[in-house]
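Summary of structural features
Each chain is listed here by its residues.
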Amino acid sequence: METMRQNKFDILKQYYGYDTFREGQEELIDAILDGQDVFGIMPTGAGKSVCYQVPALLMDGITLVISPLISLMKDQVRALNEMGVHAAYLNSSLTYNQYKLALANAMRGQYKIIYVAPERLETQEFLTFALQAPIAMVSIDEAHCVSQWGQDFRPGYLKIRAFIERLPERPVISAFTATATKEVREDVTELIGLHNPRTIVTGFNRPNLYFGVSIPKDKKITLKQYLSVRGDESGIVYCATRKGVEEVHEMLLKEGYPVTRYHAGLDDEERRKNQDDFIYDRKPVMVATNAFGMGIDKSNVRFVIHYNMPKNMESYYQEAGRAGRDGEPAECILLFGKRDVITNEYFIEQDRENDELSETELEIVKAAEREKLRRMTWYCYTQGCLREYMLQYFGEESSACDNCSNCLNHAELTDVTREAILFVKGVEEAGARFGEKLIIEMLHGSLTPKVKQFKLDQKESFGCLKSVSLDKLSQISRQLQMKGYLVVTSSEYPILQMGEKAEELLDGRETLMLREQKKEEVKQKKKSRRTEGSQMAKSNSIFERLRRVRLDLAREEKVPPYLIFSDRTLVELCQKMPQTEDEMLEISGVGLHKLQKYGDAFLSVIRAFSEE
Ligand code: ADP
C-alpha cells in the first residue's frame, strides 16, 4: 500500500505532468487506495478527475466511470488518450458495431478506464461484460444527478446502486460533485449506497476568477468594447433567451467577431457543429442560453459574460465557473439591467414544469425561487466584495478579495444613515403593508393615485425624503434589505417589513453607507485585474506563437487545442523558456507521452525565439 501511495506521485508526473496534488486530491486518492469509498465535493475546475483517474491507474482491474453526458465522456477519454492512457466510452453515440467492438476490447482488458452512461448499466450486453470483468472501482461523476433535489436529476442514476449490488465482488465506490447542499449530499450517500465514505469538501472559492458586475446604459456597446480588447481569446456570452442569443450573435457576427451560437431552438446537427467550432477554437466566442455548457470541459475559457442576470446564484456560480478551469486568470462579468429582474420574475410565474405539484406546493416552490432571485439581484447591487457575497451565499466564510469590481472600485462612500432611519420609520408608520415602490413614493412625496388611495399622503413620513432622488431611495432600500434592517415577503406582491436588525439602526448603533452606483467599469478595470505573470506572457509574442503551434497541432490531431496543453502550461513555457526535453518535463502539464508527441514542435519555436 505504501508503494501505491508513493506511486501516485509518479503517475501524476508521468501522465499529467504535475508535481503536486491540489487540495483534497491526495486524501481522496489515499482513501480509495485503502479500499474506502469516497465522496468528493469540489468546485468546477478543482480537479475531480485526477482523484479517480490516478487510483484507477494504480489499482489492478478496471475502473468504470459513470457520467451523465456524452460530450463530457468524449472529452475525458480524449484527454486520457492524449496523455497515453487507454480509455474508452460506452454510450449511445456509438453505432451498434462500435459498441460491440469497444466491449470486446474491454473484455480483453485493453482499457484501464471505461466511461459509461447510466442507462447502459442495465443492458444485457453490458451486464455480461461487467459480471465477468475485474472491476476495481466504480466512480460516479456529477453524482448530484441522483438527487431529485438538484437541478440535473437523471433517473438513470437511480440504477447505479442496484448495478453495484449485482457485481460478484463489491468494488470501491467513489462519487464526485460540485453541488453541495445538505439534501443532495444525503441523497448521494443513500441512493448510491456509499459505505462510510471518506468525504472531502473543498472550498468554493476560485481565486483565479475575477468577478465583475456592470450596469451599462447600453449592453451592446459594453459587450463590443469588452470583446474588442480580448483578441482571439475564448469566452462564453450567456443570454437569458433564444431571442437574445440570436440578436447578440447577429450583432457580433456583423462586427466581424469569431462567434457561434447555441440554444435549444437549433437542430441537433447545428448545435453539435457550433459546439465543436467553439471547443476547437475555430470560433472562440460562444453566444448561448444556459442550455449550453453542461459537460463542457474546455479549460481555456478566459471569460464568461452574462448578458442577462441568471435566475439564482447557483446558476450563476455554475455558468460563470466555466471560465478559467486551467487555473489561469479569467473573468466573469455580469451585465445587469433592471429588465433582467422582470424577465426572471416572468419565468418564475410562468413555470409550469412541475405538473405534479399541487397549487400550494407550487406556491412554496415559487416563493423559494423569488427569494433566490432576490439574492441574485442583490449580488448585482451589493457594495461589498462580490466574492465574499457569493461564498457566504454558499455557506462559506470569507473576506474581501481584491479581485472583483467592488473591491477594485474605490469610489467614495457617503453616509446615508439619516435617510435610512427615516426610511425604516416610514415603513413602520405605513403599517408594513405595502411594497417598496409605494413606500418610496410616499417618502419622496409623490402624489400618485395609489398613494392617495391608501391615504399615505396623510402620514407624517410623506415627503420626508423629498430631496433624495427616487433612484437613490431604491438603492437605500436595497441596502436596508441586504443588511437585514428591512425584509420583503416572498409572496407574488412582496411587502416591505421591519427586519430583525431594524432596532440597531433606529437606536443609532449602526450606520449605513452608500457608494455611488457602479457605472460601466469593464474597460477601466481591465488593466488592474490581470496577474503580472500572465500579462507579461500574453503581451509577449512568444505566447501567441506557442498558441499558434498548439492550434496547428490540434487541427492535425483533430483534438481541441486545450487538450494538447492548457493555457497555464503555455504561460509557464513562456516564463521558463525550456531549451531541452528535460527542462520541458519540468513544466506543469507536460507528461512523458505529450513530451514525446509534441515536445519538438514547441521546443523548436522556443529555441528560435531565444535566438532572435
Ligand atoms: P473538475 O472535474 O473538478 O471540474 P478537472 O478534473 O477537469 O476539474 O480539472 C481541471 C483542470 O485542472 C484540468 O486542466 C486538470 O488537468 C487540472 N489539474 C487537476 N489536478 C491538478 C494538479 N494537481 N495540478 C495541476 N493541475 C491540475
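Residues numbered from 1 in each chain as written. Predicted model: local features only at pLDDT ≥ 70, side-chain atom pairs only at ≥ 80, totals over all residues. Heavy atoms only, no water.

A few words on the overall build of the protein chain. Scanning the protein chain from N- to C-terminus turns up 27 helices and 17 strands. Relative to the compact-globule value of 25 Å for 612 residues, the protein chain shows a C-alpha radius of gyration of 27 Å, a close match. A principal-axis box enclosing the C-alpha atoms of the protein chain has dimensions of 85 × 65 × 50 Å. The contacts of the protein chain with a sequence gap of at least 6 include a subset with a gap of at least 24, amounting to 73%. Approximately 27,600 Å² of the protein chain is accessible, and the part contributed by carbon and sulfur atoms is 49%. Charged side chains of the protein chain number 83 positive and 93 negative; the gap between the two group centres comes to 4 Å. (Helix = DSSP H or I, 4+ residues; strand = E, 2+ residues; numbered from the N terminus. Rg over C-alpha atoms; globule rule 2.2 N^0.38 Å. Contact = heavy atoms within 4.5 Å. Areas by Shrake-Rupley, 256 points an atom, 1.4 Å probe, with all protein chains shown as cover. Lys, Arg positive; Asp, Glu negative; His and termini not counted. Charge placed at Lys NZ, Arg CZ, Asp CG, Glu CD.)

With a phi close to 55 degrees, Lys455 is a non-glycine residue in the positive phi region. Within the secondary structure, Lys455 is located in the loop between α18 (449-453) and α19 (470-482). The phi dihedral of Lys558 is positive, around 55 degrees, even though this residue is not glycine. The class for Lys558 is exposed, based on a relative accessible area of 63%. (Buried < 20%, exposed > 50% of the residue type's maximum accessible area, 1.4 Å probe, protein only.)

Contact pair helix α16 (residues 417-430) / helix α17 (residues 436-444): the axes reach a minimum separation of 10 Å and the direction vectors enclose 110 degrees. As judged from the angle between their axes, α16 and α17 are roughly perpendicular. Crossing handedness for the pair α16 and α17: right-handed. In this structure, α16 contributes Leu422, Phe423, Gly426, Val427 and Ala430 to the contact, and α17 contributes Ile439, Ile440, Met442 and Leu443. (Axes fitted to C-alpha atoms, helices over the stretch in contact; angles between N-to-C directions. Parallel < 35°, antiparallel > 145°, perpendicular 65-115°, else oblique. Left-handed = near helix turned anticlockwise from the far one by under 90°.)

Before going further, it helps to examine a negative patch on the surface. On the surface, Glu581, Asp582, Glu583, Glu586 and Asp600 cluster together to form a negatively charged patch. Structurally, Asp600 is set in helix α27 (residues 592-611). Looking at Asp600, the relative accessible area reads 55%, which means it is exposed. (Patch = residues over 30% accessible without salt bridge, like charges linked within 9 Å, V, L, I, M, F, W, Y side chains within 5 Å. Salt bridge = Lys/Arg side-chain N within 4 Å of Asp/Glu carboxyl O.)

Let's shift gears to the pattern of salt bridges. Close approach of charged atoms allows side chains of opposite charge to pair. One pass over the structure, following the stated rule, counts 42 salt bridges. Across the salt bridge formed by Glu246 and Arg261, the nearest N and O atoms sit 2.7 Å from each other. With a gap of 15 residues between them, Glu246 in helix α10 (residues 242-254) and Arg261 in strand β10 (residues 259-262) connect regions that are remote in the sequence. The network of salt bridges with common partners includes Lys273, Asp277, Arg282 and Lys283.

Right, let's get into α19. Here α19 contains 13 residues, and its C-alpha end-to-end distance of 18 Å stays within 8% of the 18 Å for a straight helix at 1.5 Å per residue. Listing the buried residues of α19 in full gives Leu473, Ser474, Gln475, Ile476, Ser477, Arg478, Gln479, Leu480 and Gln481. The first or second residue beyond α19 is Gly484, which carries a positive phi of 85 degrees. (Expected span 1.5 Å × (residues − 1).)

Strands sit in the order β8-β13-β12-β9-β11-β10 across an open sheet of six strands; the sheet is parallel. Single-partner strands in this sheet number two, and they are β8 (209-214) and β10. The sheet shows a mean angle of 15 degrees between the axes of neighbouring strands, direction not considered. Here strand β12 (residues 301-306) runs beside strand β13 (residues 330-335); their pairing, made up of four bridges, is parallel. (Pairing = 2+ DSSP bridges.)

Here the focus is the sheet that holds strand β5 (residues 135-140). Pairing is parallel across the open sheet formed by seven strands, whose spatial order is β3-β4-β2-β5-β6-β1-β7. Two strands close off the open sheet at either side, each with one partner strand: β3 (87-90) and β7 (198-201). With strand direction ignored, the average angle separating the axes of adjacent strands in the sheet is 15 degrees. Pairing of β3 with strand β4 (residues 113-116) involves four bridges; the strand directions are parallel. When the bridges of β4 are listed, Ala87 appears paired with Ile113.

Moving on: the site of the ligand. With respect to spatial proximity, 14 residues lie near the ligand, and among them Tyr18, Thr20, Gly45, Ser49 and Arg325 are the closest. At 3.4 Å, a backbone N or O of Ala46 approaches an oxygen atom of the ligand. Surface burial for the ligand is 85%, taken as the share of its 560 Å² of free accessible area covered by protein chains. When its residues are assigned to classes, the shell around the ligand shows five nonpolar, six polar and three charged. (Near = heavy atom within 4 Å. Polar contact = N/O pair within 3.5 Å; in protein donor to acceptor, adjacent residues only side chain to side chain. Nonpolar A, V, L, I, M, F, W, Y, C, P; charged D, E, K, R; others polar.)

Our focus in this paragraph is the domain arrangement of the protein chain. Segmentation of the protein chain into domains returns domain 1 (2-201), domain 2 (209-393), domain 3 (414-514) and domain 4 (532-611). Of note, the centres of domain 2 and domain 3, computed from C-alpha atoms alone, are 32 Å apart. Across the boundary between the two partners, domain 2 contributes 10 residues, which contact 14 residues of domain 3. Summed over both sides, the interface between domain 2 and domain 3 buries roughly 1,000 Å², with carbon and sulfur atoms accounting for 49% of that surface. Considering only the surface of domain 2 that becomes buried against domain 3, Arg374, Trp378 and Gln383 emerge as the three largest contributors, covering 51% of it. Summed over the shared surface of domain 2 and domain 3, the result is two residue pairs in polar contact (both at pLDDT 80 or more). Elements that contribute at least two residues to the side of domain 2 that touches domain 3 include exactly α13 (338-350) and α14 (359-381). (Domains from an automatic or database assignment. Buried area = accessible area lost by both parts, 1.4 Å probe.)

The contact between α16 and α19 brings their axes to 10 Å, and the two run at 75 degrees. By the criterion of interaxial angle, the relationship of α16 to α19 is roughly perpendicular. Mapping the contact onto sequence places Glu419, Ala420, Phe423 and Val424 in α16 and Leu473, Ile476, Ser477 and Leu480 in α19. Of the residues assigned to the contact of α16 with α19, the class counts are six nonpolar, one polar and one charged.

One pass over the structure, following the stated rule, counts zero disulfides. Cys380 forms no disulfide, and the closest cysteine sulfur to it belongs to Cys404, at a distance of 13 Å. A disulfide-free cysteine, Cys401 has its sulfur positioned 3.6 Å from the sulfur of Cys385, the nearest such atom. (Disulfide = S-S within 2.5 Å.)

A few words now on helix α23 (residues 541-557). Since one α-helical turn is 3.6 residues long, residues separated by three or four positions face the same way. Taking 1.5 Å of rise per residue, the 17 residues of α23 would be expected to cover 24 Å, and the 24 Å separating its terminal C-alpha atoms lies within 8% of that figure. When α23 is considered as a whole, its buried residues turn out to be Ile542, Phe543, Leu546, Arg547, Val549, Arg550, Leu551, Leu553 and Ala554. One or two residues past the end of α23 sits Lys558, with phi positive at roughly 55 degrees.

Under the defined criterion, the tally for this structure stands at 19 aromatic pairs. Centre to centre, the rings of Phe126 and Phe163 are 5.9 Å apart; their planes meet at 35 degrees, and the pair counts as tilted. Taken together, the positions of Phe126 in helix α6 (residues 124-132) and Phe163 in helix α7 (residues 160-166) put the pair 37 residues apart, joining distant regions of the chain. Look at Phe126 and you get buried, because its relative accessible area is 0%. For Phe163, a relative accessible area of 3% gives the class buried. Ring geometry for Tyr317 versus Phe394: centroids 5.2 Å apart, planes at 65 degrees, classification edge-to-face. Of this pair, Tyr317 sits in helix α12 (residues 313-320) while Phe394 is found in the loop between α15 (386-393) and β14 (413-415), placing the two residues 77 residues apart along the sequence. For Tyr317, a relative accessible area of 10% gives the class buried. The class for Phe394 is partly exposed, based on a relative accessible area of 26%. Three or more aromatic residues joined by ring pairs form one cluster here, namely Phe204, Tyr317, Tyr393 and Phe394. Its guanidinium or amino end placed over the ring of Tyr99, Arg120 lies 4.4 Å from that ring's centre, counting from NZ or CZ. (Phe/Tyr/Trp six-rings, centres within 6.5 Å; stacked < 30°, edge-to-face > 60°. Lys NZ or Arg CZ within 6 Å of the ring centre and 35° of its normal.)

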